[in-house]
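Structural overview for review
The lines below spell out each chain.
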Amino acid sequence: MANHITQISREDLDDLREAFNKIDIDNSGFVSDFELQELFREASFSLPGYRIRELIETFIAGDTNKDEKISFEEFVSIYQELKSKEFSETFKKTIGRRTGIRSFGGTSGISSEGTQHSYSDEEKVAFVNWINKALASDPDCSHLLPMNPENDNLFTSVRDGILLCKLINLSQPDTIDERVINTKKHSTFTMTENLMLALNSASAIGCTVVNIDAHDLMAGKPHLVLGLLWQIIKIGLFADIEISRNEALIGLLQEGEELDRLLSVSPEELLLRWVNHHLRNAGAELICNFSEDIKDSRAYFHLLDQISPKGEDEFEMSVDIDMTGLNHPDLEHRAELMLCQAARLDCRQFVSPNDVTSGNSKLNLAFVANLFNMHPAMQKSNSNGIDTTVIEGESREERTFRNWMNSLGVSPYVNHLYCDLCDALVILQLYEKVNVPVNWRKVNRPPYPVLGANMKKLENCSYAVELGTTEARFSLVGIGGVNLNEGNPMHTLALVWQLMRRYTMLVLSDLGDGEKVGDHIILNWVNSTLSEGHKDTQIRSFKDKLISTSLPVIDLIDIIAPSAVRQEMVKRGVEGVLSDADKLNNAKYAISVARKMGARVYALPDDLVEVKPKMVLTVFACLMGRGMKRANS
């Protein structure tokens, strides 16, 4: 222990507790030593791998009970030691200068240190440059752009919510009906509405926003702004990195590998395979990561040379990559020469020479994803003789469920609904989100043993089904642990739907003094509210074809939040008959206005147009929650 130990303020302690609870997903009161790096990252106190290993070795040596688990008190003790003067100086010299970490925060009345968070200056610069380029021609952002990457404009630019809404639509087109964005009057109320719209829409596309609210964004809290921006940008960058959208990626199948395995890998792994595919063709050394292995820029030079347009048809311009910088002795200058070549492909985004040489994994991942999106250079003929007609993309229902899970911050991130749920860890976390207690001592956690790994996962799945039947009282007839473990779509969706439904209903139970809310109660509330508001858009059930016009939803919103609906935007049709285009426009408008007024809606406009009863139920339940909340306030 150091001679001088820094005192921790109450705010700091609360932040540490919040970070600890995020990693301690089983609420055991302990985290494992291998989770320590992620824990420090959550506490905005990133440390390099070698430093973490040193800490773990020191901790294990002094661990009296030898359980290799770290309690909250032990974590605070480690944190205090790192924050003490001599450790703090070492940290600033070895980390701060290299990664451009900046600290901010005010002084607490309890401690002279105050609460501090850190953020990466490199990320700020990268995101500013990306946004400046991506939204340069958007007139609604002209009052904000271009931003200066050298100052803190980025953190104030999100204040009115317009920039965030535009970025969400850039990443996932048509998520937000832009007719709903307040672009003219910038009052506190209209800005808060925009931010509410942005946050609920970000949640609907799979961003984790559970610890962010409109006030945080209006205050421009750097770590929260950067965290949300990265999620939005990453979702957009990864949108097309899947085989159903680019069948040529089948060419990345490894020898003896089944197609199902390739279909289930994460976008990060697909990108790594894509890079190595081109490096292999170039006869260059392969890479294992986007940090250490790319620092010398060699992989990037060869990659650019492989993917650059070759002018193989009369409409394509040829770009010859200048490889003379490949062996430049100065790594930073070599990286600059490489980026000059990337610029010729219009792909000099996200990284600076220093980001390359320092191995900033997040920004290098974004750089490579952008390269893939701009110049995949994969031929469809590389399908390895596989019938591509059998490849099905993610259904709308699957995507909705997956985005809902990810918005709640489950770990690991769900990329593939069935494969990523086959060990039930995500399902068990969702149980806790709906107040079903989980005995984590019964749960097998990774890393799984080489032999018997699937048996451990199967045990978890069986426990998940048991909980669903006995504790949650779900209808799981004919569903066993083996069905979840094998990724059976019908059985997995049946359980996931009941979890999502319970999550939606919990809001109503909380508002109704714990009363269990059934479908009929929601239906009666919808019709009685419409009747009291003198609306004639009553519905008989959640399958009523009138819902395809979205008019019952729009009228309900108009009653709950007067002035939220601009009636000139709503298509009523002639004698209630609407065209398909008008129905879709109404649905887009209804979903966005619902999110703008604070309803956490995950359903999509097509769900209303096609009258999907499950998703329709969640829309009305969310509106009922907002209506009851306003009535009680």
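Residues numbered from 1 in each chain as written. Predicted model: local features only at pLDDT ≥ 70, side-chain atom pairs only at ≥ 80, totals over all residues. Heavy atoms only, no water.

A count of helices and strands for the protein chain gives 27 helices and four strands. Considering only residue pairs separated by 6 or more positions, the protein chain has 60% of its internal contacts joining residues 24 or more positions apart. Roughly 29,600 Å² of accessible area belongs to the protein chain as shown, and the carbon and sulfur atoms make up 49% of that amount. (Helix = DSSP H or I, 4+ residues; strand = E, 2+ residues; numbered from the N terminus. Contact = heavy atoms within 4.5 Å. Areas by Shrake-Rupley, 256 points an atom, 1.4 Å probe, with all protein chains shown as cover.)

Inspection of every chain in the model, using the stated rule, returns 28 salt bridges. Among the salt bridges present, the one from Glu 268 reaches Lys 234, with a minimum N-O distance of 3.3 Å. With Glu 268 in helix α13 (residues 267-282) and Lys 234 in helix α11 (residues 222-238), the pair connects residues that are 34 residues apart, well separated along the chain. The class for Lys 234 is partly exposed, based on a relative accessible area of 25%. The network of salt bridges with shared partners includes Asp 138, Asp 140, Lys 166 and Glu 178. (Salt bridge = Lys/Arg side-chain N within 4 Å of Asp/Glu carboxyl O. Buried < 20%, exposed > 50% of the residue type's maximum accessible area, 1.4 Å probe, protein only.)

Right, let's get into unusual backbone geometry. In the segment running from Ser 411 into Pro 412, the intervening peptide bond is cis, with an omega of 5°. You can see Pro 412 is positioned in the loop between α18 (396-407) and α19 (425-433). In this model, Pro 446 is joined to Pro 447 through a cis peptide bond whose omega is 5°. Mapped onto the elements, Pro 447 comes out in the loop between α19 and α20 (453-470). Unusually for a residue other than glycine, Phe 350 sits at a positive phi of about 80°. Mapped onto the fold, Phe 350 is located in the loop between α15 (331-344) and α16 (353-357).

Okay, the environment of Leu 523 next. Considering the arrangement of structural elements, one finds Leu 523 in helix α23 (residues 519-532). Sequence spacing of Leu 523 and Phe 620 is 97 residues, and the spatial spacing of their C-alpha atoms is 8.1 Å. Setting aside residues up to four positions removed in sequence, Leu 523 forms contacts with Ile 539, Arg 540, Ser 541 and Phe 542.

Attention shifts here to α20. Taking 1.5 Å of rise per residue, 18 residues should cover 26 Å, and α20 covers 26 Å from first to last C-alpha, within 8% of that figure. Looking at α20, one finds that the buried residues are Ala 453, Asn 460, Cys 461, Tyr 463, Ala 464, Val 465, Leu 467 and Gly 468. Lining the buried residues of α20 we find α19 and α21 (481-485). (Expected span 1.5 Å × (residues − 1).)

Take the packing of α19 against α20 next. The interhelical angle for the contact between α19 and α20, taken along N-to-C directions, is 25°, at an axis separation of 9 Å. The orientation of α19 relative to α20 falls into the category roughly parallel. The crossing of α19 and α20 is left-handed. For the pair α19 and α20, the contacting residues are Leu 425, Ile 427, Leu 428 and Tyr 431 in the first and Asn 460, Tyr 463, Ala 464, Leu 467 and Gly 468 in the second. Tallied by class, residues from the contact of α19 with α20 come to seven nonpolar, two polar and no charged. (Axes fitted to C-alpha atoms, helices over the stretch in contact; angles between N-to-C directions. Parallel < 35°, antiparallel > 145°, perpendicular 65-115°, else oblique. Left-handed = near helix turned anticlockwise from the far one by under 90°. Nonpolar A, V, L, I, M, F, W, Y, C, P; charged D, E, K, R; others polar.)

Next up on the list: the nonpolar core. In terms of nonpolar packing, the biggest core is built from 179 residues, with Trp 274, Tyr 431 and Ile 522 touching the most fellow members. Of the residues forming this core, the biggest block, 11 residues, is contributed by α11. (Core = buried A, V, L, I, M, F, W, Y, C linked by side-chain atoms within 4.5 Å.)

Before going further, it helps to spend a moment on the side chain of Asn 403. Here Asn 403 lies in helix α18. The class of Asn 403 is buried, set by a relative accessible area of 8%. Residues contacting Asn 403, with those up to four places away along its chain left out, are Ser 203, Ala 204, Ile 205, Gly 206 and Tyr 602.

Inspection of every chain in the model, using the stated rule, returns zero disulfides. Here Cys 141 is not disulfide-linked; the sulfur of Cys 165 is the nearest cysteine sulfur, at 9.6 Å. (Disulfide = S-S within 2.5 Å.)

Looking at the protein chain, pLDDT values average 87 and 85% of them are 70 or higher. Segment residues 85-99 is flagged for pLDDT under 50; beyond a separation of four residues in sequence, or across chains, it makes 25 contacts in the model. A low-confidence stretch, residues 106-115 stays under pLDDT 50, and its non-local contacts, those more than four residues away or across chains, total 22 contacts. (pLDDT = per-residue confidence, 0-100.)

The next point concerns the environment of Leu 371. Counting through the fold element by element, Leu 371 comes out in helix α17 (residues 361-374). Given a relative accessible area of 0%, Leu 371 falls into the buried group. Once the C-alpha coordinates of Leu 371 and Leu 303 are considered, the two residues, 68 residues apart in sequence, prove to be 9.4 Å apart. Once residues within four sequence positions are removed from consideration, Leu 371 is found in contact with Trp 274, Leu 303, Leu 304, Ile 307, Cys 347 and Pro 376.

If you walk through the whole model with that rule in mind, you get nine aromatic pairs. Where Phe 127 meets Trp 230, the ring centres are 6.2 Å apart and the plane angle is 10°; that geometry is what we call stacked. With Phe 127 in helix α6 (residues 121-134) and Trp 230 in helix α11, the pair connects residues that are 103 residues apart, well separated along the chain. Summarising the burial analysis for this pair, Phe 127 and Trp 230 share the class buried. (Phe/Tyr/Trp six-rings, centres within 6.5 Å; stacked < 30°, edge-to-face > 60°.)

Turning our eyes to something else, we now look at the packing of helix α24 (residues 551-560) against helix α25 (residues 580-596). Running from N to C, α24 and α25 point in directions that differ by 30°, and their axes come no closer than 9 Å. Between α24 and α25 the crossing geometry is left-handed. Of the residues in α25, those in contact with Leu 551, Val 553, Ile 554 and Ile 557 of α24 are Asn 586, Ala 590, Val 593 and Ala 594. Its residues assigned to classes, the contact of α24 with α25 comprises seven nonpolar, one polar and no charged.

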